[in-house]
Amino acid sequence: MILKAENLVKAYQNNQKLKLEVLKSVSLEIEEKKISVIVGASGAGKSTLLHLLGGLDRPDSGSVYYEDHDIFKLSDDKLTKFRNKNIGFVFQFHHLLPEFTAIENVAIPKMIHGVSLEKSTKKALELLESVGLLDRAHHKPAELSGGEQQRVAVARALANDPSIIFADEPTGNLDSANSEIIHQIILNLRDNLGKSFVIVTHNPELVKLADTVFEIKDGKINN
Ligand SMILES: Nc1ncnc2c1ncn2[C@@H]1O[C@H](COP(=O)(O)OP(=O)(O)O)[C@@H](O)[C@H]1O
Ligand SMILES: [Mg+2]
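Just so it is clear, the structure is predicted and the values come from calculations on it, not from any experiment.

Caption draft 1: Representation of the nonpolar core within the structure. Residues L128, V152, V154 and I199 are the most contacted members of the largest nonpolar core, which totals 35 residues. Mapped by element, the contributors of at least two residues to this core are strand 3 (35-39), helix 3 (102-112), helix 4 (117-130), helix 5 (146-157), strand 7 (164-168), helix 6 (176-193) and strand 8 (196-200). Setting aside its immediate chain neighbours within four residues, V154 contacts V90, V131, I182, I185 and L189. Formed by 30 residues, the second largest nonpolar core is a distinct cluster that contains I38, L53, F72 and F89.

Caption draft 2: A look at the site of ligand 1. What surrounds ligand 1 is the set Y12, L20, V22, A41, S42, G43, A44, G45, K46, S47 and T48. One of the backbone N or O atoms of A44 is found 3.2 Å from an oxygen atom in ligand 1. Note that an oxygen atom of ligand 1 is positioned 2.8 Å from one of the side-chain N or O atoms of K46. Here ligand 1 has 560 Å² of accessible area as a free molecule, and 58% of this is covered by the chains.

Caption draft 3: Geometry of the environment of V154. Note that V154 resides in helix 5. Using a relative accessible area of 11% as the deciding quantity, one classes V154 as buried.

Caption draft 4: Representation of the sheet that holds strand 1 (residues 3-13) in the model. Strand order across the open sheet formed by four strands is 2-1-4-5, with antiparallel pairing between neighbours. Single-partner strands in this sheet number two, and they are strand 2 (19-30) and strand 5 (69-70). Relative to strand 4 (residues 61-66), strand 1 runs antiparallel, the two being bridged by five bridges. What sits directly across from L3, in strand 4, is Y66. Sheet strands touched by helix 1 (residues 46-53): strand 1, strand 2 and strand 4. Its angle to strand 1, the strand with the most contacts, is close to 125°.

Caption draft 5: Here's a closer look at helix 4. With 14 residues, helix 4 should cover 20 Å at 1.5 Å per step; its first-to-last C-alpha distance of 20 Å lies within 8% of that length. The set of residues buried in helix 4 consists of S120, A124, L127 and L128. Take helix 4 and look down its axis: the buried residues cluster within an arc of 100°, on one side only. Away from its buried face, by an angle of more than 90 degrees, helix 4 presents the exposed residues E118, K119 and K122. Close packing links the buried residues of helix 4 with helix 3 and helix 5. Looking at the residues trailing helix 4, positive phi occurs at G132, about 75°.

Caption draft 6: How the structure looks around the environment of L96. Its place among the elements puts L96 in the loop between strand 6 (87-90) and helix 3. Taking the C-alpha atoms as reference points, L96 and A153, separated by 57 residues in sequence, lie 6.8 Å from one another. The contact partners of L96, leaving out residues within four places of it in the chain, are N105, P141, Q149, V152, A153 and R156.

Caption draft 7: View of the pattern of salt bridges. Across all of its chains, the model carries twelve salt bridges by this definition. Note that R58 is salt-bridged to D76, the shortest N-O span being 2.8 Å. Of the two residues, R58 is situated in the loop between helix 1 and strand 4 and D76 in helix 2 (residues 76-86); the sequence distance between them amounts to 18 residues. The salt bridge involving K122 is made with E126; its shortest N-O contact spans 3.9 Å. Of the two residues, K122 and E126 are both situated in helix 4; the distance of four residues between them amounts to about one turn of the helix. Relative accessible area serves as the criterion here: at 57%, K122 is assigned to the exposed category. Shared partners join several salt bridges into a network, and the residues in it are D135, R136 and E148.

Quick notes on the rules
Throughout, a residue's number is its position along its own chain's written sequence, starting from 1. Chain A is the first chain written and ligand 1 is the first ligand written, with later ones labelled in order. With the structure being a predicted model, the display of local features is reserved for residues of pLDDT at least 70 and the display and counting of side-chain atom pairs for 80 or more, all residues being used for whole-chain, interface and lining totals. Just so you know, side-chain values use all the structure's heavy atoms and leave hydrogens and water out. As used in this record, nonpolar core signifies buried Ala, Val, Leu, Ile, Met, Phe, Trp, Tyr and Cys residues forming a set joined through side-chain atoms within 4.5 Å. Think of it in three bands: residues with accessible area under 20% of the maximum for their type are buried, residues over 50% are exposed, and the middle band is partly exposed, with areas taken using a 1.4 Å probe on protein chains only. Strands here mean DSSP runs of E at least two residues long; helices mean DSSP runs of H or I at least four residues long; both are numbered from the N terminus. Contact criterion: two residues are considered in contact whenever any of their non-hydrogen atoms come within 4.5 Å of each other. Near is defined per residue: the residue qualifies when any heavy atom it owns lies within 4 Å of the molecule or strand. Counted as a polar contact is a pair of N or O atoms within 3.5 Å, where, for protein atoms, one must be capable of donating a hydrogen and the other of accepting one, and residues adjacent in sequence contribute only when both atoms are in side chains. Here the accessible surface of atoms and residues is derived via Shrake-Rupley with a 1.4 Å probe, and residues count as covered only by protein chains that are part of the display. Any two strands between which DSSP finds at least two bridges are classified as paired. Helix axes are fitted to C-alpha atoms over the stretch in contact, other axes to C-alpha atoms as well, and angles between N-to-C directions run from 0 to 180 degrees. Expected helix span is computed as 1.5 Å times (number of residues minus one). An arc is given here, and it is the one of the directions from the helix axis to the C-beta atoms. The salt bridge definition used is simple: a Lys or Arg side-chain nitrogen within 4 Å of an Asp or Glu carboxyl oxygen.

What follows is the structure, given as C-alpha cells:
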C-alpha cells in the first residue's frame, strides 16, 4: 500500500452560506504499482477527493498517510515540498505554459527543484522520448495537437520521478485514438517503471484497465 485515507470529510460553503458536504467520510487504500480509478456522477466529489489524496487541498477532518506519514500534519511549505518530490499531477486540460516549448515545460519542474538547466533538459528529452514526442520537443503547446499536449503534460508529471501520479479525467478532452495512446503510456509506466496511478475518469476503456475501481456516491466510497 502506498497511500491510505481515513475518514476524509470535506464541505464547501455555497453563496447562500449553506454547507455542502461533498465528502462525508471517505476511507480507502491505494495499492502500490497499480492503477486505481475513481468513478462517480458529475459533482459527486471526485476532483475534491483527488485533490485531498494528492495534498493539493486540506480536509475538514481525516487523514492521508503516505507510507506512515500523515501529510496534513505537515506545514504548507513542507507539504508543497513533499508533493513536488513524490507526486505527479495530470489534469483534463494540460495547463502547459504557452510561452515555453515542450521540452522547457517538462524541464521546469526539475529546475524549480534546483537541478541544473543541462540536467533538467537531458531528463526532459528522455521523458519526451518515452511518450513518443522527441520530434516535437521544440514546439510550443499551440503548435501541438490536443493528444500531443496531453502527452507533454504526462511527461511533465514525471519530471521529478514521482512514485504516484494523480490524473483528473486525463482523456476527458481527447478522441478515442489519442485516449488509447495515453492508456498505453499509463500501462507502460505501471508495468515497466512501477508507477502507481490514481485516476478520475468517465472513460470506460480506462476503467477496464484499472486494477481497482472506487465509486463515490453520496459522499462515500463503498469498499
Ligand atoms: N471550491 C469550491 N467551493 C464551493 N463548492 C465547490 C468547490 N469545489 C467543488 N465544489 C462543489 O462540490 C461538489 C463536488 O465537486 P467536484 O469534487 O469537483 O465533483 P466531481 O469532480 O465529481 O465532478 C460540486 O457540487 C461542486 O460544485
Ligand atoms: Mg471533477
